[in-house]
Structures are given as structure tokens and as C-alpha cells.
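# Survey of secondary and tertiary structure
Letter by letter, the chains look like this.
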Amino acid sequence: MAAGPFVIAVLVSGNGSNFQAIVDALEAGRITNASIACLISNKADAYALERAKKHAIPAIVLDHKLFPDRRAYDTALVELLRQHGVQLVVLAGFMRLLSPVMIEAFPNAIMNIHPALLPSFPGVDAQKQAFDYGVRYTGCTVHFVDQGTDTGPIILQAVVPVLQDDTLESLTQRIHGEEHRTYVEAVRLFCEGRVLVDGRKVSICD
């Protein structure tokens, strides 16, 4: 049985469409054992901040340029998250590499979504990597964050076929659609206490 409700923070740098998908799922009752304590952006012009305000979710700017290095920024970030009682950190287009300070503060409790089927095509421009490689199938992966680049334990994946007439833009759009569905499902399962981690292996229990 899940403990909760789980307190979530979402970290963003830009548009925040995955954040919006999670908010919509909470408001529709598709995720029931959670609440979003705050949205934090490292950029003051991120549109996701406006999304948060529309839903009366505290929207906070923590500008990375005001800190000397990643560790200093992450130390301030951890303090802010703890002030809000956060238990699950959701990265939704947060364009910052996390230091050990952050990862060690929230072990197996920082989620990210990557627009490819990991371990294939890690890093930036994953959709373009897959498209240029000529794969027949790609997709997206929700995983926990560790100290590598897109190497953390995999929670869920969704497959997206590459169609004969696909462009990079059309493929990217379909991957984004699957991201919204898959990220919501991963957050739901976590908040229901159904995501179990044993080393690198993740099990989803009934």
C-alpha cells in the first residue's frame, strides 16, 4: 500500500508540456496520491512558469547564473526542495546536469524522460540521432537519474514506429505525444508505491 500523498516538485527550463500533462492528470483524477508543491525553473522566461500560475502552483525561479558552479546551485536547489517537503523530483525539460549533491539527496526519486529507447541514443538531440541512424522504431524512456548521462534505472518505455514518410519534425511530435502519456503513467505508479528498485532493476508491482 502506498504512503502519501506524495509531494512532487517539477523542474523545467522551457515550455513545460510534460509538466502540463502531469497537472492535467492530477486535476482529472488519473493521479490520485500526489500533489505538486512547486515548479522550479532555472530560466525566468520559461513558459512553464505561466502554466504553473494558471493552476495556482507556486512558480519559483532559481537562476543558475547566480551560482559559481553546479554543486553550489544544486545545494540551493536541495534546500528549496526540502523546504517544500518534496519526495519526488520530476525533470520536465530541465536543461541542467545534476551534480552528486542533488542525486544523493533524492536517491531513486528523481525522474527524467528521454526521447529515445535507452540505452540507445543517450544525450542531446536523441530524436535526430535515431532518425539519422535510420532505425525503424524509437520512442521514449522514463528513468531514474543517476550520475551518468541517461544511464539510470529504466521505469517505463514507449515505442514509436518510424514511418516511411516521417520527417524529423513529425517523428518528434509523435514522440512528444507518447512522452506525455508515459510520464504520467510513471508518476502515477510511483505515487501508488508500485515502482520498486533493486540496484539497476525496476519492478512494477500489482
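Here goes a summary of the coordinates provided. (Residues numbered from 1 in each chain as written. Predicted model: local features only at pLDDT ≥ 70, side-chain atom pairs only at ≥ 80, totals over all residues. Heavy atoms only, no water.)

## Side note on the overall build of the protein chain
Note the threshold: A helix here means a DSSP run of H or I that spans at least four residues, while a strand means a run of E at least two residues long, and both kinds are numbered starting from the N terminus. Throughout, the radius of gyration refers to the C-alpha atoms, and the reference size of a globule is 2.2 Å times the residue count to the power 0.38. For the exposure calls, accessible area comes from a 1.4 Å probe over protein chains only, and a residue counts as buried if that area is under 20% of its type's maximum, exposed if over 50%, partly exposed in between. Any two residues having at least one pair of non-hydrogen atoms within 4.5 Å are treated as being in contact. Residue-level accessible areas treat just the shown protein chains as cover; the underlying method is Shrake-Rupley with a 1.4 Å probe. Positive charges are assigned to Lys and Arg, negative charges to Asp and Glu, while His and the chain termini are left out of the count. Where a charge sits is defined by one atom per residue type, namely NZ (Lys), CZ (Arg), CG (Asp) or CD (Glu).
The number of helices and strands found in the protein chain is 6 helices and 9 strands. At 17 Å, the protein chain has a C-alpha radius of gyration in line with the 17 Å of a compact globule built from 206 residues. Each principal axis of the C-alpha distribution contributes one length, and for the protein chain these read about 50 × 40 × 35 Å. Here the protein chain holds 206 residues, and the buried ones make up 49% of them. In the protein chain, of all internal contacts separated by at least 6 residues, the share reaching a separation of at least 24 is 62%. For the protein chain, the exposed surface amounts to about 10200 Å²; the carbon and sulfur share of it is 52%. Charge centroids of the protein chain, computed over 18 positive and 22 negative side chains, lie 1 Å from each other.

## Here's the deal with the packing of aromatic side chains
Any pair of aromatic rings gets described here by the distance separating the centres and the angle formed by the planes. Definition in use: Two rings from Phe, Tyr or Trp (for Trp, the six-membered ring) form a pair when their centres are within 6.5 Å of each other. A pair whose planes differ by under 30 degrees is stacked, one over 60 is edge-to-face, and the rest are tilted. Our definition puts a charge over a ring when NZ of Lys or CZ of Arg is within 6 Å of the ring centre and also within 35 degrees of the ring normal.
Evaluated as defined, the whole model comprises 4 aromatic pairs. Three or more aromatic residues joined by ring pairs make a cluster, and in this case those are Phe6, Phe144 and Phe190. Its guanidinium or amino end placed over the ring of Tyr73, Arg96 lies 5.2 Å from that ring's centre, counting from NZ or CZ.

## So, the nonpolar core
Heads up, the rule is: Nonpolar core, defined: a set of buried Ala, Val, Leu, Ile, Met, Phe, Trp, Tyr and Cys residues in which side-chain atoms within 4.5 Å join the residues together.
Leu11, Leu81, Met102, Met111 and Val187 are the most contacted members of the largest nonpolar core, which totals 72 residues. Broken down by element, this core gets its largest block of residues, 9 residues, from helix H6 (residues 168-191). For Val187, the residues in contact, after removing those within four places along its chain, are Ile8, Ile22, Ile31, Leu88, Val90 and Met111.

## Side note on helix H3 (residues 70-83)
What counts here: How far a helix is expected to stretch is found by multiplying one less than its residue total by 1.5 Å. Of all possible arcs, the one meant is that of the directions from the helix axis to the C-beta atoms.
Given a rise of 1.5 Å per residue, 14 residues ought to cover 20 Å, and the 20 Å separating the end C-alpha atoms of H3 matches this to within 8%. Restricting attention to buried positions, one finds in H3 the residues Tyr73, Asp74, Leu77, Val78, Leu80 and Leu81. Looking straight down H3, one finds that the buried residues subtend no more than 165 degrees of arc, so they occupy a single side. The exposed set on the far side of H3, more than 90 degrees from its buried face, consists of Arg82 and Gln83.

## Some words on unusual backbone geometry
A cis amide bond links Leu118 with the next residue in sequence, Pro119, at an omega value of 10 degrees. Tracing the sequence through the fold places Pro119 in the loop between strand E5 (110-114) and helix H5 (126-133). Of note, Asn108 is a non-glycine position whose phi angle comes to about 50 degrees, a positive value. Mapped onto the elements, Asn108 comes out in the loop between helix H4 (100-105) and E5. One non-glycine residue, Asp125, lies in the positive phi region at around 55 degrees. Residue position: Asp125 is located in the loop between E5 and H5.

## A closer look at the sheet that holds strand E6 (residues 137-144)
The line we're drawing: In short, DSSP must find at least two bridges between two strands for them to pair. Convention adopted: a line fitted to C-alpha atoms gives each axis, helices being fitted over their contacting stretch, and angles between N-to-C directions are expressed from 0 to 180 degrees.
Spatially, the 7 strands line up as an open sheet ordered E3-E2-E1-E4-E5-E6-E7, and their pairing is mixed. Either end of the sheet is taken by a strand with one partner, and the two such strands are strand E3 (59-61) and strand E7 (154-161). Taken over all neighbouring pairs, the strand axes of this sheet differ in orientation by 20 degrees on average, direction set aside. Taken together, the 4 bridges between E5 and E6 define a ladder with antiparallel strand orientation. Looking at the pairing, Met111 lines up with Phe144 of E6.

## Describing the pairing of E5
Within E5, 5 of the 5 residues are buried, which leaves the element mostly enclosed by the surrounding structure. Going residue by residue along E5, you find Ile110, Asn112 and His114 tucked away on one face and Met111 and Ile113 tucked away on the opposite face as well. Here 2 bridges tie strand E4 (residues 88-91) to E5, and the two strands are oriented parallel to one another. Of the residues in E5, the one forming a bridge with Val89 is Ile110.

## Thoughts on the environment of Leu189
Of note, Leu189 is situated in helix H6. Between the C-alpha atom of Leu189 and that of Leu118, which follows or precedes it by 71 residues, the distance is 20 Å. In this structure, Leu189 is in contact with Leu156, Arg194, Val195 and Ile204, ignoring residues within four places of it in sequence.

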